[in-house]
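# Remarks on the overall topology
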Amino acid sequence: MRVLGIETSCDETAASVVGLREGAAPEILSNVVLSQIEEHAAFGGVVPEIAARAHVEALDGIIEAALADADTRLADVDAVAATAGPGLVGGLIVGLMTAKAIAAASGKQLLAINHLEGHALTARLTDGLSFPYLLLLVSGGHTQIVLVRGVGDYQRWATTIDDALGEAFDKTAKMLGLAYPGGPNVEKAAAKGDPARFAFPRPMKGESRPDFSFSGLKTAVRQAATSIAPLSDQDVADICASFQSAVADALGDRVARALVRFREDYPDSEAPALVVAGGVAANRKIRSTLEELCASHGFRFVAPPHALCTDNAAMIAWAGIERLQAGLADPDAMDFVPRSRWPLDSVSAPVVGSGRRGAKA
């Protein structure tokens with residue numbers, strides 16, 4: 001089985017071919033990603049209209065490159081999987097409509113994939129993980145803990161009640177005059193700073209409610225920066241180090257509650273695992289905190305390679321393969337409409353952003 005994956009939910013234009021042979025491990029035959037960081041850097045964040053236009057200009061060439069890298073003809077592909085949500089609707093339209101055109105012209109099966117499901121199942125592509133396991137998704141748009149029970153079977157245990165963690169990193173960087181994208185630059189500055197200089201709050205730490213919050217921490221950063229302005233390079237480094245330490249501490253507290261709950265709900269699980277995905281998962285401080293936490297609770301820590309933690313099309317192609325194998329391919333996928341909001345767990349009540357288009361979290 002070979003599936004062509006297409007990802008255009010935000011500011012990466014990506015295509016990939018993933019193959020699976022009976023009795024063998026899955027294989028990423030190609031994974032082409034074109035970042036739009038330079039196009040958006042001047043604005044300090046992603047501009048939806050610019051992102052959509054860039055996808056239109058680049059996607060055909062990216063797909064051709066992915067097929068060439070995989071030494072695969074379109075005729076050899078069994079299905080086409082494309083991100084259909086959540087994300088920036090302009091970009092989603094570009095990717096999904098392109099996939100529909102390819103599927104219609106070639107007579108291939110079309111799979112409309114939830115971007116979050118791609119993240120949720122990546123550990124099965126890279127590490128062969130068995131169900132059930134926990135997923136911590138930390139990105140620019142999402143901060144969630146999800147119980148992954150099977151393909152299409154997810155239960156959200158926690159989510160952010162305000163900012164996503166990646167968004168908090170980006171806004172902190174912008175306040176301190178650091179370049180976009182914020183996450184890597186905050187981490188770089190933090191490496192030269194004193195994490196004990198500023199006593200920033202640890203949002204939700206100790207709360208019985210399992211969710212996350214980062215808005216108050218962001219406010220504390222702004223107040224600290226304003227109180228000592230103008231900022232020296234060392235001031236910026238110390239603020240970043242203190243912010244990063246607070247984030248890791250708060251995140252560890254929230255995740256620890258989920259690990260305890262998993263043990264209670266699945267006492268017979270012989271190899272419980274925590275999977276971390278999303279761009280923020282690349283942060284070394286956060287990763288080391290979670291690794292230590294998993295070790296102390298007897299959990300396996302699984303973090304796919306950085307290229308598969310951030311947005312990519314290999315995870316979309318793999319989610320398509322998983323759905324085909326599970327018999328969950330939608331026969332009406334050609335009629336699927338892109339969704340800017342599309343919760344992975346459709347059962348849990350929305351926490352924020354509920355509206356006509358669905359829940360944000």
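Provided above is the structure to which this section pertains.
Small disclaimer: the values here were computed from a predicted structure and weren't measured.

With that out of the way, let us pick up the pairing of strand β1 (residues 2-7). Here β1 lies mainly inside the structure; five of its six residues are buried. Two elements, β1 and strand β2 (residues 12-19), share six bridges in a ladder whose sense is antiparallel. Following the sheet pairing, Glu7 is matched in β2 by Ala14. In terms of strand pairing, β1 meets strand β4 (residues 79-85) through four bridges, oriented parallel. Along β4, the bridge assignment pairs Val3 with Ala79.

Attention now goes to the packing of aromatic side chains. Following the criterion strictly, the structure yields seven aromatic pairs and no others. Plain terms: the ring middles of Phe198 and Phe200 are 5.7 Å apart, the flat faces sit at 10 degrees to each other, and that makes the pair stacked. A relative accessible area of 7% places Phe200 in the buried class. When the centroid spacing of 5.7 Å and the interplanar angle of 70 degrees are considered together, the rings of Phe262 and Phe299 count as edge-to-face. Of this pair, Phe262 sits in helix α8 (residues 233-265) while Phe299 sits in the loop between α9 (284-297) and β10 (300-302); the two residues are 37 residues apart in sequence, bridging distant segments of the chain. The exposure classification of Phe262 matches that of Phe299, with both residues buried. An aromatic cluster is built from Phe262, Tyr266 and Phe299, whose rings are joined through pairwise contacts. Taking the ring centre of Trp157 as reference, the NZ or CZ of Arg261 above it sits at 4.0 Å. Note that Arg339 overlies the ring of Trp342, its terminal NZ or CZ placed 4.8 Å from the centroid.

The rules behind these values
- Residues numbered from 1 in each chain as written.
- Predicted model: local features only at pLDDT ≥ 70, side-chain atom pairs only at ≥ 80, totals over all residues.
- Heavy atoms only, no water.
- Buried < 20%, exposed > 50% of the residue type's maximum accessible area, 1.4 Å probe, protein only.
- Helix = DSSP H or I, 4+ residues; strand = E, 2+ residues; numbered from the N terminus.
- Pairing = 2+ DSSP bridges.
- Phe/Tyr/Trp six-rings, centres within 6.5 Å; stacked < 30°, edge-to-face > 60°.
- Lys NZ or Arg CZ within 6 Å of the ring centre and 35° of its normal.

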